[in-house]
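# Architecture and fold: a report
The residues making up each chain are set out below.
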Amino acid sequence: MFQRVLICTDFSDGLHRLAHFVSSLAQAGIKQIVFLHAVPLSEKGIIPRVDSEKIEQAQTRLASSVGESSTDVEVKIEVQSGKPVEIILQVSQTYQSELIILGSQSRSLLTEKLVGSTMAELSHKIKIPLLVLRPQLISTYTNEELTLRCQNLFRSLLLPYNGSKVANYLVQQVKQLAQQQSGRFLEQCTLCWVLENSDRREIPNKIQPQQASEIISQIKADLEEANLFVETQVLEGQSLTKILEAAAMADISAIAVSSGTIGKLQEWLVSSFAAELLRSSWYPVLFFPAQGG
């Protein structure tokens, strides 16, 4: 799966807790972890300046959490001052990260438009997958619960499918990860096709359940070639609602999704399914930026 991971924390999202679970993350196949904290520029005076005091405080806080790791995982700490998205992109390139882990509060499209969102801005600029976790969950897990969560970070994925190019791209990305993994970190997938009446461009014309079942069976066979256990579901109703209901019953680690419209004009006019899921899902969301998106 992912061997080089960048974990971004602002200390209010709970993700700094993961510094205590490096050995558990190693069991998910991770070999390098970079903990990153972005410190806003100091507004004291006329010219914004690097806040050296807060940088030192953040470095000390992360270092004390990481401590001495007895695993083979390489752990790095980066604390920089500036705009979070720019820093995240720069650091991920420096360390050749394969995955960015980010905490994000659930919010509406209107709220995102008014106050902005690091997740929203980052999702249409990154070239690598993004794992979005809800701070409320990470902050309330007991140590035992968080240990298991870290060990099984990617074990079981729910893949929403609708026959579109983006959906097929998502399937191929997951298949590729499964084929390249050095162990059994990703073991199973649940393919879920929700049929609904929709005018969205990314969703093809409505097809019959029998036809959807035949198509999704072919996708299942394709994924099984990567030594994955695959289950399928064809449901009818509202996509977001049904996917979240399916997630509740499928014993998943995360919902995988892709999009080529997040952050673009069409996404502001009509919110995409992927964007809605990233904003509202309480389940971890593994986001794959679509090629050319």
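Rules behind the numbers
- Here, residues in each chain are numbered from 1, in the same order as that chain's written sequence.
- Thresholds applied to this predicted model are a pLDDT of at least 70 for local features of residues and 80 or more for the giving and counting of side-chain atom pairs; totals over whole chains, interfaces and linings are not thresholded and use all residues.
- To get the side-chain values, take all heavy atoms of the structure and skip hydrogens and water.
- A run of DSSP states H or I qualifies as a helix once it reaches four residues; a run of E qualifies as a strand once it reaches two. Both are numbered from the N-terminal end.
- Type-normalised accessible area, obtained with a 1.4 Å probe on protein chains alone, sets the label of each residue: buried when under 20%, exposed when over 50%, and partly exposed for intermediate values.
- Note: two strands are recorded as paired if DSSP finds a minimum of 2 bridges between them.
- For helices, the fitted axis covers only the stretch in contact; all axes are lines through C-alpha atoms, and the angles between them, taken along N-to-C directions, range from 0 to 180 degrees.
- Contacts: residue pairs with any heavy atoms within 4.5 Å of one another.
- Side-chain atoms within 4.5 Å link the members of a nonpolar core, which is a set of buried Ala, Val, Leu, Ile, Met, Phe, Trp, Tyr and Cys residues.

A count of helices and strands for the protein gives 12 helices and 10 strands. Residue burial in the protein is summarised as follows: out of 293 residues, 51% are buried.

As a further point, take the sheet that holds strand 7 (residues 188-195). Taken together, 10 strands build an open sheet; the order of strands is 3-2-1-4-5-10-9-6-7-8 and the sheet is mixed. Only two strands of the sheet have a single neighbouring strand rather than two, namely strand 3 (74-81) and strand 8 (229-236). On average, adjacent strands in this sheet sit at an angle of 25° to one another, irrespective of strand direction. Relative to strand 9 (residues 254-259), strand 6 (residues 156-161) runs parallel, the two being bridged by 2 bridges. In the sheet register, Leu-158 faces strand 9, and the bridge partner there is Ile-255. Each of strand 1 (4-8), strand 2 (32-39), strand 3 and strand 4 (99-103) touches helix 3 (residues 84-94); the most contacted strand, strand 2, lies at about 155° to it.

This part is about the pairing of strand 1. Counted residue by residue, strand 1 has 4 buried out of 5 residues, so it is predominantly covered. With 5 bridges connecting them, strand 1 and strand 2 associate as parallel partners. Across the sheet, residue Leu-6 finds its bridge partner in strand 2, namely Val-34. Bridge analysis of strand 1 against strand 4 gives 3 bridges, and the strand direction is parallel. For Ile-7, the partnering residue across the bridge sits in strand 4 and is Ile-101.

With 59 residues, the main nonpolar core has Ile-7, Ile-101, Leu-131, Leu-157, Leu-159 and Leu-191 as its most contacted residues. Per-element tally for this core: the top contributor is helix 8 (residues 165-180), with 6 residues. Filtering out sequence-adjacent residues up to four positions away, Leu-191 remains in contact with Leu-159, Tyr-161, Val-171, Ile-216, Ile-219, Lys-220, Leu-223, Val-230, Glu-231, Thr-232 and Gln-233.

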